[in-house]
Amino acid sequence: MPIAIPAGVTVTIAENNHVTVKGPKGTLERALPLEMTIKQEGDDIVVSRPNDLKKNKSLHGLTRTLIHNMVVGVTEGYEKVLEVNGVGYRAAKQGNKLVLSLGYSHPVEMVDPEGITSVLDGQNIIKVQGIDKEKVGQYAAEIRSKRKPEPYKGKGIKYSTEVIRRKVGKTGKK
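Residues numbered from 1 in each chain as written. Predicted model: local features only at pLDDT ≥ 70, side-chain atom pairs only at ≥ 80, totals over all residues. Heavy atoms only, no water.

Okay, the packing of aromatic side chains next. Taken as a whole, this structure holds zero aromatic pairs when the rule is applied. Over the ring of Tyr104 we find Arg147; its NZ or CZ atom is 4.3 Å from the centre of that ring. (Phe/Tyr/Trp six-rings, centres within 6.5 Å; stacked < 30°, edge-to-face > 60°. Lys NZ or Arg CZ within 6 Å of the ring centre and 35° of its normal.)

The subject of this paragraph is the pairing of strand β12 (residues 125-130). The alternating pattern of β12 places Ile126, Val128 and Gly130 on a buried face and Ile125, Lys127 and Gln129 on a face that is not buried. In this sheet, β12 lies alongside strand β7 (residues 78-85) in antiparallel orientation, the contact comprising six bridges. In the sheet register, Glu79 faces β12, and the bridge partner there is Gln129. Both strand β11 (residues 116-120) and β12 contribute to a ladder of five bridges, which runs antiparallel. Looking across to β12, one finds that Ser118 is bridged to Val128. Hairpin connection, β11 to β12: the antiparallel pair is bridged by four residues, and Gly122 has positive phi, about 80°. (Buried < 20%, exposed > 50% of the residue type's maximum accessible area, 1.4 Å probe, protein only. Helix = DSSP H or I, 4+ residues; strand = E, 2+ residues; numbered from the N terminus. Pairing = 2+ DSSP bridges.)

With that settled, the discussion passes to the environment of Arg144. Relative to the helices and strands, Arg144 is located in helix α2 (residues 133-145). Under the relative-accessibility criterion, Arg144 is labelled buried at 17%. When neighbours within four sequence positions are excluded, Arg144 is seen to be in contact with Leu82, Pro149, Ile157, Lys158, Tyr159 and Glu162. Engagement of the side chain of Arg144 in a polar contact is seen with the side chain of Glu162, the distance being 2.7 Å. (Contact = heavy atoms within 4.5 Å. Polar contact = N/O pair within 3.5 Å; in protein donor to acceptor, adjacent residues only side chain to side chain.)

All quantities given are derived from atomic positions and should not be read as evidence of function.
Following this line, the structure appears as structure tokens:
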């Protein structure tokens, strides 16, 4: 399946399958598997595999998806939305630091990685934005890991799309 290149995006394929994608939001580089052949045909990029071995089939899909994610990243960017739930749980921003109050004896401070920004919407919604899908997802997962949601009261940090399976607590003596 060819990858369409939108206007304003340039894709450079160097030797050893080193792909560079430049767009309005920035530049992404990645070294891709050497087994695949990546060609630019007009406004499309075509990835082809040498044979139908199982390894090459899976690498083919991976390579195509990685290039597609790079193109989408430099045009639209990626965003993950996290929600902080719980009494006294809140998030604050100090420069490029994200300060989380999560019921610990100390505030948890996290520095935004290079190329990634975290934006607060109120005190309990964190938006992680960037052009690299992998880095956005990793940073969002690191923020969530500071206090995962628990199943009894639902306190913790969860993704906005995540559904927490709730449990019934203890029942009193009769």
